[in-house]
Structure formats: structure tokens, C-alpha cells
Amino acid sequence: MVIGLGGVGSVVGRKLHDYECFDRIILADIDPTFALKLHSDTKRSRFEILTLNAMESAKVAAAIAEHKITVTLNCCNCYTNYSILEACMRAGSHYIDMAADIYSAPGVKKPGKNSFEAEIEKYNSPYLEKDLAGLLCLGCDPGAVNIFARWAMDRLDTATSIRVLDADNAEVRGYRFAVLFSPETLFEELNAVPYFVKDGKVTSGRPLETEIEWFRFPDPIGLQKTYAVAHEEGVSLGIHPAFVEKGVKYSVFKYSISDKVYHVAKSIDLLNLDTWKKVKVDGVEVSPIRVATANLPKPAQLGATVDGFSCVGTEVRGTKERKRVEYFIYTMDSHRDTYERWGFSLTVVQTGIPPALAAKLLVTGKIKERGVMMPEALDPEPFMENFSREGLQIFVEKREVERM
């Protein structure tokens, strides 16, 4: 079952339909419009449509039980995670999502939501008892990039640092300003306190003022200025026990953003508009972030207007047989080519392929791990063997330094 049929959910559903291991795919949403479109556009469709509110956990559990669902993919906003995690645990379904909340340090009060650590703490034992897997944050970044990190770490004797790096040189024609994925999520991330691991400890900095670094991405993107940004993997990779044991003391997630995006984000933060906490305006309660982004084009409608490339990757530095070794494992593709192949934006396609592949690997027995976990806890080999053939093109750069 796929819950949430926006752009990512539609890509996930389409990929699942390509896999013969699934007899039926249930498409569930509070508004079935996009589910019906995917069903009607698919030859010999095995899709079934269900109207379902992801926040009604008991009804989600009942639907899972009634339809005998093996694996449930949560393609909704991360505020639904607890509801669907609970439903899967009760009804006996594996669980996959694409994001938790951005990391919040223990003891730091944060309104509304909690991070991946809280989800693991609450649900790991119940999932283990029921022989279920709960795979958190398994989109692209976080998700594939965590698997890239694990793949590189498995090839090193020691390691010191992990950088997850996301750059884009896209140009959107016809709009004064546009972003390629949820604008609410983007500005929430850019203006949130960036947590990362430094000197072996989780630490924090000021939004868009921390760990600024120039990085040379593969052509045609090239040299870009990157900023530490709040993202789950910026912390999770630096505190993963197996990585700490190998010597990792630094992990971070960094965006490359344009000067325009930088200044818009700073302005939204200055006006305190990057919050979901409702305020009363002219007698009506509204979320400031929804108002700030209301006139922006929807990411799903931008595909045909975007040119340029996106590169998302993981750099791991360490040693192998006393040589200094650096890996940069990344996925890179053209916005225009991807839209022509898929009919969706590259950002959406990059996010949707990993969870669909994970669902296939779960039901075919290639993922054997159980419990609730981040992607770096999984064996990376089944993913790395299949990413490129599934449509997520993977490249590996390796640099060795040896003293003469």
C-alpha cells in the first residue's frame, strides 16, 4: 500500500507496478484524484484505490489488515509517521517512509514533532517482536545517501568524516521564483538549527551561517558554495555505532543554494514566517509558512520548465591499507531528460525510486534486517547492485593518496 499520492507517491506506485512480486498495489489518499489518474494511465493496472486519512491510525490499521498488506509505504508529510508506524505495528505490515522530522537534540524543546531517534526508541522493540522492518528516511537524501555511506564504510579500514552534499544548477523558466520540492519543507530546513556531528559530538550552529564550504561537484555543476542544513542524515551517520567504531568524528548534510534562495530564506526567517504554528489574521487562523509559499508554483507543475542537473552524493574520507582514501558516491541526472522519461521532476523521481526498490527487496527476502532503523543499518549491496538499473544512476569516484 502507498499512502499519499503526490509526485513522490505516484513515482513509487509506478515503480511498484513494474515489479512482478506484487499481486496488488493499494493507492490510498484522503483525495483520490492522483491515484485515479495513475490507475487510468497504467496498462493492465493492478492498482486498487482507497480513500484514507493517514492520521486516522485505527482506520489505516484496519485497511492494512483487510487488504492483507505486506509492506506499507508512507509518502505523506512526516507528521503522519507515528500514525502509520502505529498502524503497521498493529496490523503486521512492514513500513517505509522517506523522512522523519529534522533532528532535534535531546532535551531541546521542539513544537509538534520528533526526530528519527524518538521513532526508533518507541517502535524498534515492538517491530522486532513481530518480525517486521520499519525503514525510516529511505528516500534519496536522506535514504540513498545513507546507503552510499555504508557502502563506502564497508570498504575502509578506518574513517574520519562523512559529508552528504546536494547541489543543483537548475533554471526554472517562466517564474520569478520557484523551488523544486515542497517549499514549506525547504524553508523549514534552511531556517532550522543545523545539527551535525563534530569531534564526535552532536553540535549545532546558526542557520545558513555554519560549516560553509566550497565543494567541486562533477561537471556540469562544478564549484559550489555549500551550507550546513538541518537534515536527518547529518546526525544519524555520525552517531551510527559501526561508523563511530571505525573512527568517524564528523558528519554533516550540506546544501548548495543560490544567492536568491539564501536571501529569500533569510527574509522569511526574519519575518518569522517559517512556522506551521497558526496565528490569527483578520479573525482567521493560518500557518505563516503556508501563506508565505501560497503563491509559489507547485513542484509537480514545474517539470517541463526546468533545465539543468542535480547531483546528490556522499563523500567519505578514511584509510585503506594505510593509504588515505576518499570516496564520493553520487547520483546525477538531467532535469529535462528525467521529465521526458518519467513525466515527473528529477527531485521527485530521485526520492521515489529508493523506497520502491526497498519494498521489492523486502518482499523478495533480500532485506533481512528487522526492527526500526535508518538506512545505514541495512546491507547496502542489494541496493547498490540495483539503483542504476532502476533509474537512479549511480557513480563512484575514488581518490587514493600514498606517501612516496
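To be clear, the structure that these remarks concern was listed above.
Residues numbered from 1 in each chain as written. Predicted model: local features only at pLDDT ≥ 70, side-chain atom pairs only at ≥ 80, totals over all residues. Heavy atoms only, no water.

Enquirer: Just to check I follow, could you spell out the sheet that holds strand 2 (residues 25-29) for this structure?
Expert: Think of a sheet as strands paired side by side through backbone hydrogen bonds, with each pair either parallel or antiparallel. Pairing is parallel in the open sheet, where seven strands are placed in the order 3-2-1-4-5-6-19. Edge positions in the open sheet fall to strand 3 (47-51) and strand 19 (371-373), since each of these has one partner strand only. Note: strand 1 (residues 2-3) against strand 2, two bridges, orientation parallel. Paired with V2 across the two strands is L27, which belongs to strand 2. (Pairing = 2+ DSSP bridges. Helix = DSSP H or I, 4+ residues; strand = E, 2+ residues; numbered from the N terminus.)

Enquirer: When you look at helix 12 (residues 335-342) in this model, what are you seeing that I'm missing?
Expert: Residues three or four positions apart in an α-helix share a direction because the helix packs 3.6 residues into each turn. Three or more residues of helix 12 are buried, namely H335, T338 and W342. Projected down its long axis, helix 12 carries its buried residues within an arc of 65°, all on one side. A side-chain oxygen of the first residue of helix 12 lies 3.3 Å from the backbone nitrogen of R336; this N-cap is S334. Among the residues trailing helix 12, G343 stands out with phi positive, at a value near 80°. (Buried < 20%, exposed > 50% of the residue type's maximum accessible area, 1.4 Å probe, protein only. Arc of directions from axis to C-beta. Polar contact = N/O pair within 3.5 Å; in protein donor to acceptor, adjacent residues only side chain to side chain.)

Enquirer: What exactly am I supposed to notice about the side chain of T351 here?
Expert: By secondary structure assignment, the location of T351 is in helix 13 (residues 346-363). Since its relative accessible area comes to 19%, T351 is described here as buried. The residues contacting T351, other than those within four sequence positions of it, are V8, M98, G139 and C140. (Contact = heavy atoms within 4.5 Å.)

Enquirer: For this particular structure, what's the right way to read the pairing of strand 2?
Expert: Within strand 2, five of the five residues are buried, leaving the element largely enclosed by the surrounding structure. Of the two faces of strand 2, the one lined by I25, L27 and D29 and the one lined by I26 and A28 are each fully buried. In this fold, the crossover linking strand 1 to strand 2 by way of helix 1 (residues 7-18) has right-handed handedness. Taken together, the five bridges between strand 2 and strand 3 define a ladder with parallel strand orientation. Considered in strand 3, the bridge of L27 is made with I49. For the segment spanning strand 2, helix 2 (residues 33-41) and strand 3, crossover handedness is right-handed. (Right-handed = clockwise from strand over helix to strand, strands pointing away.)

Enquirer: Which parts of the structure should I look at to understand the environment of R163?
Expert: Locating R163 in the fold gives a position in strand 7 (residues 158-168). The exposure class of R163 is buried, given its relative accessible area of 9%. Every residue in contact with R163, bar those within four places of it in the chain, is listed here: E213, Y250, V252, G313, T314, E315 and R317. Of note is the side chain of R163, whose polar atom sits 3.2 Å from the side chain of E213.

Enquirer: I keep staring at the packing of helix 6 (residues 144-153) against helix 8 (residues 232-239) and nothing clicks. Help me out?
Expert: Between two packed helices, what matters for the description is the angle formed by their axes and the separation of those axes. It is at 10 Å that the axes of helix 6 and helix 8 come closest, and there the two elements cross at 25°. Taken together, helix 6 and helix 8 sit at an angle that is classed as roughly parallel. Judged by the twist between their axes, the crossing of helix 6 over helix 8 is right-handed. Between helix 6 and helix 8, the contacting residues are V145, N146 and A149 on the first element and E233, S236 and L237 on the second. The class makeup of the residues in the contact of helix 6 with helix 8 is three nonpolar, two polar and one charged. (Axes fitted to C-alpha atoms, helices over the stretch in contact; angles between N-to-C directions. Parallel < 35°, antiparallel > 145°, perpendicular 65-115°, else oblique. Left-handed = near helix turned anticlockwise from the far one by under 90°. Nonpolar A, V, L, I, M, F, W, Y, C, P; charged D, E, K, R; others polar.)

Enquirer: I tried to follow the nonpolar core on my own but got confused; where do I start?
Expert: A general tendency of soluble globular proteins is for nonpolar side chains to be buried together. Ranked by size, the top nonpolar core spans 76 residues in total, and within it L16, L135, L190, F383 and F387 carry the most contacts. With nine residues, the single largest contributor to this core is helix 13. Not counting the four nearest positions on each side in its chain, L135 is found in contact with Y95, I96, D97, A358, L362, I367, M373 and L378. Counting 29 residues, the second largest nonpolar core, distinct from the first, contains I26, I64, C88 and M89. (Core = buried A, V, L, I, M, F, W, Y, C linked by side-chain atoms within 4.5 Å.)

Enquirer: Please explain empty space enclosed by the protein as it appears in this structure.
Expert: Rolled over the atoms, a probe with the dimensions of a water molecule shows which regions are left empty. All chains considered together, the criterion is met by one cavity of 30 Å³ or more. For the largest cavity, the full set of lining residues is T331, D333, T338, R341, L346, V349, Q350, I353, G391, L392 and Q393. At the level of elements, strand 18 (323-334), helix 12 and helix 13 are the ones that each hand at least two residues to the lining of the largest cavity. It is helix 13 that contributes the most residues to the lining of the largest cavity, four residues altogether. Classifying every residue of the lining of the largest cavity gives four nonpolar, five polar and two charged. (1 Å grid on protein atoms, 1.4 Å probe; cavity = no way out; pocket = protein on both sides within 12 Å on 5 of 7 lines; lining within 4 Å. Points joined across faces, edges and corners; volume = space filled by probe spheres on them.)

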